[in-house]
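Tertiary structure, described
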Amino acid sequence: MNIFQKLAVKPWSDDAHVDMTVEGGFHATPAKVGLRFFLFVVSVLFFLLTAAYFMRKGMIDWVKLPLPPLLMVNTMVLVAASFALQWAKNSGRDGNLKNLRLGLVLGGVLTIGFLVGQMMVWEDLSALGYFAATNPSNAFFYLFTGLHGLHMVGGLVAWGRATSSAWRSDADVEQLTQRTDLCAAYWHYLLLIWLYVFGLLIIT
Amino acid sequence: MAHATMADDLTELYHPKTFIGKYIWSQDHKVIAIQYTITAVSVGLVALTLSWFMRLQIGFPGMFEFIDADSYYQFTTMHGMIMVIYLLTALFLGGFGNYLIPLMIGARDMVFPYLNMLSYWVYLLSVIILMASFFAPGGPTGAGWTLYPPQAILAGTPGQEWGIMLMLTSLIVFIVAFTMGGLNYVTTVLQARTKGMTLMRMPLSVWGIFVATILGLLAFPALLVSGIMMSLDKLIGTSFFMPAIVSMGEQLEYSGGSPVLFQHLFWFFGHPEVYIVALPAFGIVSDILSTHARKNIFGYRMMVWAILVIGGLSFVVWAHHMYVSGMNPFFGFFFATTTLIIAVPTAIKVYNWVLTLWKGDIHLTVPMLFAIGFIFTFINGGITGLFLGNVAVDVPLSDTYFVVAHFHMVMGVSPVLVVFAALYHWFPKITGYEFNERLGKIHFWGTFLGTYAIYLPMHYLGILGMPRRYYDYLDAAFIPDSAYLMNQSITIAALIVGAFQMVFFANVIYSLIKKKKSDPNPWNATTLEWQTPDNPPVHGNWGPTLPVVHRWAYDYSVPGAEKDFLPQNMPRGADPNAQEEHT
């Protein structure tokens, strides 16, 4: 049944049709469903920021900020981090604990690299006099990158917990794969958001 | 569609042994619900006291020395923000959501118990940060609960140094807490329903809380964004919302920012917020009316659809708060139209409540009195909403006491009546004890009649053109003496109604001391939370096996049934009318 059919059921007379199992909304673990809703919330956050961005951009005092080329390098690093976590997850699925560990560490290190790169971008821009308070265009740049960075830091907390458990002697590969799966999904999505933000900043 | 449910999985459930593990750092949804409720109600009492102070100034200007203009604005601001966010939102979702969702859908707990616990403690942190602003230099912010820039962060507004930053920080922390809780409620409703609990067999309380949570998850990011942006304007001097401005004779560094942008973001959160509070109230009141009228809810499907439609529409009406903000007039037309359309599903709900009562076997119990009181108050408040939704009528009434009367009726008194209806209704389940019926009725009549003594006259003050948020009217010529007299009477009524709430607390304390054991299902209700093996339910809720659901939640006054109702978990075979229903 699709959702409209489900909502059209007459619950006072449908006893003949109800199969006695739960008809949960999604074929996924609760953690995955929770993550999806969270990513939805994150999308709303960035969508609203975009709306504010366009409204503020319409004012006369807007001066475009030059985007440092280092952002391109950072983007590549984040893409690599996403690939590494995907590889870790796939290795886990094949039962390969060694590659799973390697992928996890690689993903985390690359992400930290990305964050360091973003901070270098901030430093460069400040050194050139592009402070957040100088122009709203700068302010939005810091806000977008800052919020995205904070979400990556949040991801790193989950990553840290998964990675530390990967080295426990009683590490359960299946459970570890599930956690890596959640990390990978989060990373892919935040990569998408970063590409969106980056694209928005380039185009406008 | 069939797939394994995690609801049967017992391995995850962690049973603590110590007192601290059971009642302080608890992961049990019921304990967390009580923690949320106690915190929300405590902070609500602070807000109630603040409203007394405000009313004292309005009724008897200048008589109380401790209320100067600054503190008056601080009281108003804190009263509004606490009531809307820290009391009602936290109580309906954190309190009732936490308690009812797992019990009503037949789960052992929320799907992420640890996150649930964290949600409460982060919420408590946000409350502490907010309360800290009373002790900060300069006191709490007096910017009005809407926190409009530029005045919110400029000199001249009380609390512009510490108060506003503590307020914004507290809101950001609250949103983090809400998100953790909200993800839990949504995922639990979707993934942890017990066998046979299809979406359309869920009690309307769960539907209301579920949709309100989704609204919250979509709306709170707007508040988060505006909170962060305003903090940056304040702290590092960006100009997101701040235009070029001269303050106290001094040209500030800001330039080009848009205060209207803040208003758009704020109300994109602010209007759904009304429904975040209202939808759980709608759901809960539906269940209470049905149970105490011994009749199935009229138009169950329509009720569910109306909740969904209201939820959707609530995101396209926000700018009706901004008719006088200098928006393009065509926007005003659009938002007036959507605002009036939202009255349609809302009216459907009201009709269905009334039709549920029609020819019902109405038991005027304490929860039922509060629920019926809600219908009256909600209709009153809703109808003035139709006035204010029209641009041409709103412009002269904007920022008058008419608006104050409207929103207090519709989202102050109405939800609070439901809060009490629900607290009395579920009190025997939560504590296992009976409450005192007579005290409950005294509490109801004092509250119900008293709130009318407060808010009905306010409509007249508004039509007279009396502006809200004024510390003192300084004998303005257009305000007749009778208006001052009316304000005195409103103030006296407000003091009495506030004091009447103590009857409720007296009742709770009395019942907890008297310890008169309640029947496990005193209202003969059908929903699962009344069918638990223990009363009050213990950690894990259901004993060794989960309940299985065989019917919807509204089988009341069933002909031939042993006790006139059929609980949701009663098998079909035990139903005397099973054959009839099949054909």
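Rules behind the numbers
- Just so you know, the residues in each chain are numbered from 1, in the order the chain's sequence is written.
- The lettering of chains begins at A and the numbering of ligands begins at 1, in the order of writing.
- Per-residue local features of the predicted model are confined to residues with pLDDT of at least 70, and side-chain atom pairs are confined, for both listing and counting, to 80 or more; whole-chain, interface and lining totals are unaffected and use all residues.
- What counts as a helix is a DSSP run of H or I of at least four residues, what counts as a strand is a run of E of at least two, and both are numbered from the N terminus.
- Computation of the radius of gyration draws on C-alpha atoms alone. For the globule rule, the value is 2.2 Å times the number of residues to the power 0.38.
- Exposure classes come from backbone-placed C-beta atoms, where a residue is buried if 20 or more other C-beta atoms lie within 10 Å of its own, exposed if 12 or fewer do, and partly exposed in between.
- Contacts here follow a simple rule: the backbone-placed C-beta atoms of the two residues must lie within 7 Å.
- Buried Ala, Val, Leu, Ile, Met, Phe, Trp, Tyr and Cys residues form a nonpolar core when they are connected through C-beta atoms within 7 Å.
- pLDDT expresses, on a scale from 0 to 100, how confident the predictor is about each individual residue.
- For a helix, the expected span equals 1.5 Å multiplied by the residue count minus one.
- Here the bend at a residue is taken as the angle between two axes, fitted respectively to the seven residues that end there and the seven that start there.
- For helices, the fitted line uses only the C-alpha atoms of the stretch in contact; every axis is such a line through C-alpha atoms, and the angle between N-to-C directions lies from 0 to 180 degrees.
- Any angle from 65 to 115 degrees is called roughly perpendicular, while one under 35 is roughly parallel, one over 145 is roughly antiparallel, and all others are oblique.
- Handedness of each helix crossing follows the sense of rotation of the near helix against the far helix: counterclockwise by less than a right angle gives left-handed, clockwise gives right-handed.
- Gly is put with the polar residues, along with every residue not named as nonpolar or charged; the nonpolar set is Ala, Val, Leu, Ile, Met, Phe, Trp, Tyr, Cys and Pro, and the charged set is Asp, Glu, Lys and Arg.

Before going further, it helps to spend a moment on the overall build of chain B. A count of helices and strands for chain B gives 16 helices and two strands. Taking 583 residues into account, the globule formula puts the C-alpha radius of gyration at 25 Å, and chain B, at 24 Å, falls close to it. Dimensions of chain B, computed from C-alpha atoms along their principal axes, come out at roughly 80 × 50 × 50 Å. Sorting the 583 residues of chain B into buried and exposed places 54% on the buried side. A separation threshold of at least 6 residues defines the contact pool for chain B, and within that pool the share at least 24 residues apart is 80%.

Broken down by element type, chain A carries six helices and zero strands. Going from N to C terminus, chain A has its helices and strands arranged as α-α-α-α-α-α. In terms of overall dimensions, chain A is more spread out than a globule: its C-alpha atoms have a radius of gyration of 22 Å, far above the 17 Å expected for 204 residues. Within chain A, buried positions represent 34% of all 204 residues. Here the contacts in chain A between residues at least 6 apart in sequence split such that 80% fall between residues at least 24 apart.

Residues and elements named next belong to chain B. The biggest cluster of nonpolar side chains holds 218 residues, and the ones touching the most others in it are Val206, Val285, Phe370 and Ala421. It is helix 3 (residues 69–105) that contributes the most residues to this core, 23 residues altogether. Setting aside chain neighbours within four positions, we find Ala421 in contact with Val285, Ile288, Pro367, Phe370, Ala371 and Phe374.

Turning our attention to the confidence of the model for chain B. Predicted coordinates in areas of low pLDDT are best not read in detail. Residue and element names in this part refer to chain B. Mean pLDDT over chain B: 92, with 96% of residues reaching 70 or higher. Counted against residues more than four places away or in other chains, residues 1–8, with its pLDDT under 50, gives 19 contacts. Across residues 579–583, where pLDDT falls below 50, the model places four contacts with residues more than four positions away in sequence or in other chains. The ipTM value of the predicted complex is 0.92, and its pTM value is 0.94.

Mapped onto the fold, Val41 of chain B is located in helix 2 (residues 29–59). A C-alpha to C-alpha distance of 42 Å links Val41 of chain B and Arg572 of chain B, two positions 531 residues apart in sequence.

Given 3.6 residues to a turn, an α-helix orients residues that are three or four positions apart in the same direction. Residue and element names in this part refer to chain B. Between its first and last C-alpha atoms helix 3 spans 50 Å; for 37 residues at 1.5 Å apiece the expected length is 54 Å, and the two agree. At Gly97, helix 3 is deflected by roughly 45 degrees, the largest bend along its length. Burial runs high along helix 3: 34 of the 37 residues are buried. Taken from the residues just after helix 3, Gly106 is the one with a positive phi, measuring 80 degrees.

Our focus in this paragraph is the packing of helix 2 of chain B against helix 3 of chain B. Residue and element names in this part refer to chain B. Where helix 2 contacts helix 3, the axes come no closer than 8 Å and their chain directions differ by 160 degrees. Regarding the angle of helix 2 to helix 3, the classification is roughly antiparallel. Handedness of the crossing formed by helix 2 with helix 3: left-handed. Considering only residue class, the contact of helix 2 with helix 3 consists of 21 nonpolar, ten polar and one charged.

Moving on: the packing of helix 2 (residues 30–57) of chain A against helix 6 (residues 173–203) of chain A. Two measures define how a pair of helices packs: the angle their axes make with one another and the distance between the axes. Residue and element names in this part refer to chain A. Running from N to C, helix 2 and helix 6 cross one another at 10 degrees; their axes reach a closest spacing of 11 Å. The angle between helix 2 and helix 6 places the two elements in the roughly parallel class. Of the residues in helix 6, those in contact with Ala31, Lys32, Leu35, Leu39, Val42, Phe46 and Thr50 of helix 2 are Leu182, Ala185, Tyr186, Tyr189, Ile193, Val197 and Leu200. Here the contact of helix 2 with helix 6 is built from residues that sort into twelve nonpolar, one polar and one charged.

A separate point is the environment of Trp122 of chain A. Structurally, the position occupied by Trp122 of chain A is in helix 4 (residues 97–127). Taking C-alpha positions, Trp122 of chain A is 9.5 Å from Pro68 of chain A, a pair spaced 54 residues apart along the chain.

Residue and element names in this part refer to chain B. Looking along the chain, the bond that leaves Pro149 and enters Pro150 is cis, with omega of 0 degrees. Structurally, the position occupied by Pro150 is in the loop between helix 4 (113–132) and helix 5 (163–191). Cis peptide bonds are those with omega within 30 degrees of zero, and the linkage from Asn535 to Pro536 qualifies with -5 degrees. Its identity is not glycine, yet Arg294 carries a phi of approximately 50 degrees, on the positive side. Note that Arg294 resides in the loop between helix 7 (259–292) and helix 8 (300–313). Phi angles above zero are rare outside glycine, and Asn541 is one such case at about 65 degrees. Mapped onto the fold, Asn541 is located in the loop between helix 15 (481–514) and helix 16 (578–582).

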